Amino acid sequence: MRRQVLLFISIFYIGCVVGQVSFSIPEEMPKGSVVGNIARDLGIDVRRLKSGKSRIFTSDSAEYIELSRERGVLLVKERIDRESLCRQTTPCALHLQIILENPMELFRITVEITDINDNSPSFKNDEKRFEISESAVTGSKFVLERAVDADIGINGLKNYSLRPTDNFVLKIENQADGHKKVEMVLQKPLDREKEEQISLLLNAVDGGDPQMSGTVKIYVTVLDVNDNAPVFTKSVYKAAIAENSQKGTTVTTVSASDADKGTNGDVSYLVSATMDSVSDIFTVNQNGEVILVGEVDFEKAKYYQIDIEAKDSGGLSDSSKVIVDVIDINDNEPVISILSKSDSIPENSPHNTVIVMFSVFDPDSSNNGHVNCRLNSNIPFTITAASNDFYSLVTDSDLDRERASEYNITLTCSDEGVPSLSSSITLTLQISDVNDNAPVFERSSYEAYIVENNTPGLSIFTVKATDADWNQNARVSYILEDSSFNGVPVSSYVSVSADSGVIHAVRSFDYEQIKDFHFRVKAQDGGSPPLSSNVTVKIMIQDQNDNPPQVLYPVQTGGSLVAEMVPRSADVGYLVTKVVAVDVDSGQNAWLSYKLQKATDRALFEVGLQNGEIRTIRQVTDKDAVKQRLTVIVEDNGQPSRSATVIVNVVVADSFPEVLSEFTELTHDKEYNDNVTFYLVLALAVVSFLFITCLVVIISVKIYRWRQSRILYHSNLPVIPYYPPRYSDTLRTGTLPHVYNYEVCKTTDSRKSDCKFGRAGSQNVLIMDPSSTGTMQRIQCEKSILDEPDSPLEISDVNDNEPVFERSSYEAYIVENNTPGLSIFTVKATDADWNQNARVSYILEDSSVNGVPVSSYVSVSADSGVIHAVRSFDYEQIKDFHFRVKAQDGGSPPLSSNVTVKINIQDQNDNPPQVLYPVQTGGSLVAEMVPRSADVGYLVTKVVAVDVDSGQNAWLSYKLQKATDRALFEVGLQNGEIRTIRQVTDKDAVKQRLTVIVEDNGQPSRSATVIVNVAVADSFPEVLSEFTELTHDKEYNDNLTFYLVLALAVVSFLFITCLVVIISVKIYRWRQSRILYHSNLPVIPYYPPRYSDTLGTGTLPHVYNYEVCRTTDSRKSDCKFGRAGSQNVLIMDPSSTGTMQRIQSEKSILDEPDSPLEF
């Protein structure tokens, strides 16, 4: 294949680079054939083709060429037929455009399609018939059908030949348009009497290699005399017709005359048949009018050449040519094709940034094909011409997303025809945001007020800043700038919510300590880099009536029962005493007033409103009670007012003995509390004494038994040699399906067995020799396995393979608060070697996590590779950690490999919520006060809680668990705010106790409860009258009683548990002993043997009985030792069923003392 490459590049700075490359390929190349290396010829890196999303654009829909981004070459996508693509047009070429993005680049590619000789010359008709008069003169011409070859150039039609040439010869005339006019010329007169029918063969050949040809048969019928042939008035006629003309339109008129008379002078016209389908578009009638019968399109053919033949009835003919020029009309509107476009560009794009690359094509000619494009008005874009028919839409001014975030661009292209035709498209362009605007506060400075004694976390006010940018660039975060006030960081006074700009009070402010302070808040957007602005905030503390009056006199003490004494002779206005109080607040909050709240006899005393003087308001009489108790309330003038109460004990008496006689009794409550405490202490002491005594007795008994066992163990008896026999059940059909070992202790202090069961296949004989010193001799006969022949030959292994882990790395998860020793997961390695060389051991490599050895976190089982947790993990302290495990085989030298293991700790809901407010203290009985005028939705207080867990485990919800009146209060599920849900009435109890439960969102959830005491009252005296009944003595007695009861319960429980355990153990042991004596097994006769040491020097100074239990459930012995002087033989028969057979001599053992006893 011959390929020709031409390269020329021209560059225009409009945001894109325009270049052109030409290739030449033959037609009919197979699919996938390489057209050319576009990357090399254009000097483009293949990676640029990928990153730039390169693609091919063609103006028509046919796609014959494709681009391979990976190879950077052009490939044949579809078979290319030059004749169907270009017909006779030369040169034939495909015009492509390669588009690249980021930045936009345009490359024009021209692929020339060269012709190959794949078409032979052809005639439209297979035969041609002529009727020629015998009188036709020599030199008469007859027009023959012209052959058509779709190929061009050397492969096109080259020559004609005619056979035979007896009467006719060919005349070929080259025409101006490159075609050949073929005529058959009579060179010898015809004679109908000699030859009425003549057959000829016209052959057309091309110049290709190999040469191809086409033929048509010519039949000539010789007629009688016809002297003159028709003759056209013109050899060439010219006419013009507008495209899209109506069918039936007369194009022109041709004329031919014949000098003959009669029928020989009648001339008929016809269009010569050719392969170019001209006869389908034009026809000629008998009047010589050339009529349009098809459709003409200037874009398909700019002119037509029509061969007209005039023939008389005698067979003589003449030919002429009609050249019809097609006149173009403006019937095609411009076609706009988008090559590449950007859906979005940043607002800081420079001028001449390419937005869209497009091409415009109008198939019309001249002014009808000249196109002008324009944009809609008032947009910052313009059109620049990149090359012929290619344009770019670029920016021509600055963009600002804040003014216009989107443009609808209407592109209209019109031609210059009359009337003008146009087409348009609308493109939408988004202007992406650039962080070019800093946040702007709504005010230049802020000033806010907060009342002292606020709740920590209270929202003071909100700063607000807006950012004209969009999305992340417009997301404003608020930051408290670092500063200090009175040497304390301002962050300890206030905090700023990063998202909302809400300023919260971190602490409770005190007007007496701080009046106001300043700080700065910064608003920062989320752009990169971020932009920010700041504002000054001034917080002013407002005074609150937060200090109640303090009573200086009379001094309130627990032991002061009588403060003042009034004689019975006191007159009206007698000054009893004066209440002195102060208020540390200032202004009207410190103005005090005194009122008598309660009195034993209100008609006897009064209190001065302004001075606090207590005076009598009538004459004291003998009927007045001796003990008078006055409750004076001191109120300030604050809103709401605060107060303090003082109790003044007054005695109406003339002497102290009279006073003392009234105050000598003790209260019943004090006596009752003292008695309860005494008995509780006594009961605790008694139970504790019994419990300790029980423990001492148990420990003493245990020590005594242990000492007794040690005495037996350390006896002076000699140690009997031990020979472990082996008894087995060879047939596996008895009661011993497995090998069991049973022990017989021959002396009281022996620790080894003289009777054991061996492996299958052996026979053991136990012989008791009376002359021995109490030990049993063993005779054993075994067959060695080494006697077996034909042992296989084995290939020994060499340690040449290291262990290989199943994975290149491991990752596992474990939930926090795990149990130490918990198995996390298993690492597994295999070794291709054998035996000891394939035995893999796992070792934890030394490393550290946060400065702590990793061995304190996990351990690895050397044999199985199971990784265990050494400690309990805490997600709040460590999220994950890595370590390495080494797998080492047992070869010499050992080979090893290692793997990385990552452990991820998963969070668990292990922390309950912590209530920050209200603070729970023992002495805080009333936390909040609700006025009786409170309306629906009145904010009583807010429960503030946090959870140290993360994620959904830290999402908190608040619920009202208990309440004195559930119909009065509700708790916000998400914010913890306690509000009234109905109007407060006078019927509502003063004391309201709310229990709020705070739950997190973990599974399972954890919770915390907080008790909120609420007083429904309009003044503090009303509250205090309900909450003053608890004294310190009562609290102390209650606490002491509680702890004494708790201690008594614990000690009693331990004592009873100890007794139950001792009794249970005793009952269990008793039942075990009963089971031994009530077995259902048959009782074997017992013959008490007597073994004695006749010389008095052996190890058996007394008679002993020893038992051997042969089965797992036997309770009696099948093996006993007889009397002294006898020989007993114990034989294990392999054919038995696992029990020992007993063979006893018929002679009674009692009659013959020396006879042996066998089993």
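Residues numbered from 1 in each chain as written. Predicted model: local features only at pLDDT ≥ 70, side-chain atom pairs only at ≥ 80, totals over all residues. Heavy atoms only, no water.

**Digging into the overall build of the protein chain**
The secondary structure content of the protein chain amounts to nine helices and 76 strands. Residues counted as buried form 39% of the 1159 residues belonging to the protein chain. The contacts in the protein chain between residues at least 6 apart in sequence include a share of 68% that link residues at least 24 apart. Counting every atom, the protein chain has about 64100 Å² of accessible surface; 52% of that belongs to carbon and sulfur. (Helix = DSSP H or I, 4+ residues; strand = E, 2+ residues; numbered from the N terminus. Buried < 20%, exposed > 50% of the residue type's maximum accessible area, 1.4 Å probe, protein only. Contact = heavy atoms within 4.5 Å. Areas by Shrake-Rupley, 256 points an atom, 1.4 Å probe, with all protein chains shown as cover.)

**A few points about the side chain of arginine 48**
Relative to the helices and strands, arginine 48 resides in helix α2 (residues 46–51). Arginine 48 sits in the buried class, given a relative accessible area of 16%. Not counting residues within four places of it along the chain, the set of residues in contact with arginine 48 comprises Leu100, Glu101, Asn102, Pro103 and Glu105.

**Re the nonpolar core**
Judged by nonpolar contacts, the single largest core of 29 residues is most densely connected at Val858, Ile867, Phe881, Phe883, Val885, Val901 and Ile903. Looking at this core, the elements with two or more residues in it are β56 (809–815), β57 (823–826), β59 (840–844), β62 (858–860), β63 (866–869), β64 (880–889) and β65 (896–906). Beyond its immediate sequence surroundings of up to four residues, isoleucine 867 is in contact with Leu822, Ser823, Ile824, Phe825, Val827, Val858, Ser859, Val860, Phe883, Val885 and Val901. Judged by nonpolar contacts, the second largest core, of 28 residues, contains Phe509, Phe517, Ala523 and Val535. (Core = buried A, V, L, I, M, F, W, Y, C linked by side-chain atoms within 4.5 Å.)

**Comments concerning the state of the cysteines**
One pass over the full model with this rule turns up two disulfides. The disulfide partner of cysteine 86 is cysteine 92, and the S-S distance across this bridge is 1.8 Å. Note on the cysteine 86 and cysteine 92 pair: the S-S dihedral is about 65°, so by sign convention the disulfide is right-handed. Taken individually, cysteine 86 and cysteine 92 each receive the classification buried, so the pair is uniform in this respect. Each sulfur of the disulfide joining cysteine 373 and cysteine 413 lies 2.1 Å from the other. (Disulfide = S-S within 2.5 Å.)

**Some thoughts on the sheet that holds strand β34 (residues 445–451)**
Taking strand neighbours across the sheet as the criterion, the four strands line up as β34-β43-β42-β37 in an open arrangement whose pairing is mixed. Looking along the sheet, the strands with just one partner apiece sit at the ends: β34 and β37 (477–480). Across the sheet, the axes of successive neighbouring strands diverge by a mean angle of 30°, strand direction being ignored. Where β37 lies against strand β42 (residues 516–524), four bridges are found, and the strand directions are antiparallel. Across the sheet, the residue bridging to isoleucine 479 is lysine 522, located in β42. (Pairing = 2+ DSSP bridges. Axes fitted to C-alpha atoms, helices over the stretch in contact; angles between N-to-C directions.)

**Observations regarding the side chain of aspartate 362**
Structurally, the position occupied by aspartate 362 is in the loop between β27 (354–361) and α5 (366–369). Buried charged residue aspartate 362 carries no salt bridge. Nearest counter-charge: lysine 302, at 12 Å. Of the polar contacts made by the side chain of aspartate 362, one reaches the backbone nitrogen of aspartate 364; its length is 3.0 Å. Those residues in contact with aspartate 362, other than ones at most four positions away along the chain, are Asn332, Glu333, Pro334, Asn368, Gly369, Val371 and Asp415. (Lys, Arg positive; Asp, Glu negative; His and termini not counted. Salt bridge = Lys/Arg side-chain N within 4 Å of Asp/Glu carboxyl O. Polar contact = N/O pair within 3.5 Å; in protein donor to acceptor, adjacent residues only side chain to side chain.)

**Observations regarding the environment of leucine 592**
Along the chain, leucine 592 turns up in the loop between β47 (580–582) and β48 (593–599). Once residues lying within four places of it in the same chain are set aside, the contact partners of leucine 592 are Pro549, Ala581, Val582, Asp583, Leu609, Gln610, Val634, Glu635 and Asp636.

**Brief notes about the pairing of strand β29 (residues 381–387)**
Sheet analysis places β29 next to strand β30 (residues 390–395), joined by six bridges and oriented antiparallel. Bridge assignment links serine 387 to a residue of β30, and that residue is phenylalanine 390. In sequence, β29 turns back onto β30 through a hairpin of two residues, with aspartate 389 there showing a positive phi of about 70°.

**Some remarks on the sheet that holds β27**
Strands in a sheet are paired, the pairing made by backbone hydrogen bonds, and the direction either parallel or antiparallel. Strand order in the open sheet formed by four strands is β25-β27-β30-β29, with antiparallel pairing between adjacent strands. Here the strands that pair on one side only, and so sit at the sheet edges, are β25 (335–341) and β29. The average angle at which neighbouring strand axes cross in this sheet is 30°, direction not considered. When β25 meets β27, the two strands line up antiparallel, connected through six bridges. Paired with valine 335 across the bridge in β27 is phenylalanine 361.

**Side note on a positive patch on the surface**
A cluster of basic side chains, namely Lys702, Arg705, Lys1066 and Arg1069, defines a positive patch on the protein surface. Elements with a contribution of two residues or more to the positive patch: α7 (668–713) and α9 (1032–1077). Mapping lysine 702 onto the fold places it in helix α7. (Patch = residues over 30% accessible without salt bridge, like charges linked within 9 Å, V, L, I, M, F, W, Y side chains within 5 Å. Charge placed at Lys NZ, Arg CZ, Asp CG, Glu CD.)

**Some words on unusual backbone geometry**
Most peptide bonds take the trans form, and the phi angle of most residues other than glycine is negative. Look at the link from serine 892 to proline 893: it is a cis peptide, with omega at -5°. Along the chain, proline 893 falls in the loop between β64 and β65. Cis peptide bonds are those with omega within 30 degrees of zero, and the linkage from tyrosine 917 to proline 918 qualifies with 0°. With a phi angle near 50°, lysine 53 is a residue other than glycine that sits in the positive phi range. Position of lysine 53 relative to the elements: it lies in the loop between α2 and β4 (55–58). One non-glycine residue, asparagine 817, lies in positive phi territory at about 65°. Within the element layout of this structure, asparagine 817 appears in the loop between β56 and β57. In this structure asparagine 817 comes out as partly exposed when scored by relative accessible area, which is 36%.

**A short note on the environment of glutamate 402**
Looking at the element boundaries, glutamate 402 is found in the loop between β30 and β31 (406–415). Sequence-distant contacts of glutamate 402, that is, excluding residues within four places in its chain, are made with Glu347, Asp433, Asp436, Asn437, Ala468 and Asp469. In terms of polar contacts, glutamate 402 uses its side chain to reach the side chain of asparagine 437, at 3.3 Å.

**So, the pattern of salt bridges**
Two side chains bearing opposite charge may form a pair once their charged atoms approach each other closely. What the rule picks out here adds up to 27 salt bridges. Its salt-bridge partner being glutamate 481, residue arginine 520 comes within 3.8 Å of it at the nearest N-O pair. On the criterion of sequence distance, the pair formed by arginine 520 in strand β42 and glutamate 481 in the loop between β37 and β38 (484–485) is long-range, its members being 39 residues apart. A relative accessible area of 33% means that arginine 520 is categorised as partly exposed. Overall, the relative accessible area of 23% leaves glutamate 481 in the partly exposed class. Overlapping salt bridges, with partners in common, bring together Arg82, Glu83 and Asp115 in one network.

**Some words on the packing of aromatic side chains**
Applying the stated criterion across every chain, the model contains 22 aromatic pairs. A cation over an aromatic ring shows up here: lysine 302 above the ring of phenylalanine 298, its NZ or CZ 5.1 Å from the ring centre. Over the ring of tyrosine 875 we find lysine 879; its NZ or CZ atom is 4.7 Å from the centre of that ring. (Phe/Tyr/Trp six-rings, centres within 6.5 Å; stacked < 30°, edge-to-face > 60°. Lys NZ or Arg CZ within 6 Å of the ring centre and 35° of its normal.)

**Overview of the environment of asparagine 352**
Structurally, asparagine 352 is set in the loop between β26 (344–346) and β27. Look at asparagine 352 and you get partly exposed, because its relative accessible area is 40%. Between the C-alpha atom of asparagine 352 and that of phenylalanine 381, which follows or precedes it by 29 residues, the distance is 8.6 Å.

**Let's talk about the confidence of the model for the protein chain**
With 78% of its residues at a pLDDT of at least 70, the protein chain reaches an overall mean of 80. The low-confidence segment residues 1–17, where pLDDT is below 50, has 54 contacts with residues more than four positions distant or belonging to other chains. Scored below 50 in pLDDT, residues 664–668 makes one contact in the model with residues more than four places away or belonging to other chains. (pLDDT = per-residue confidence, 0-100.)

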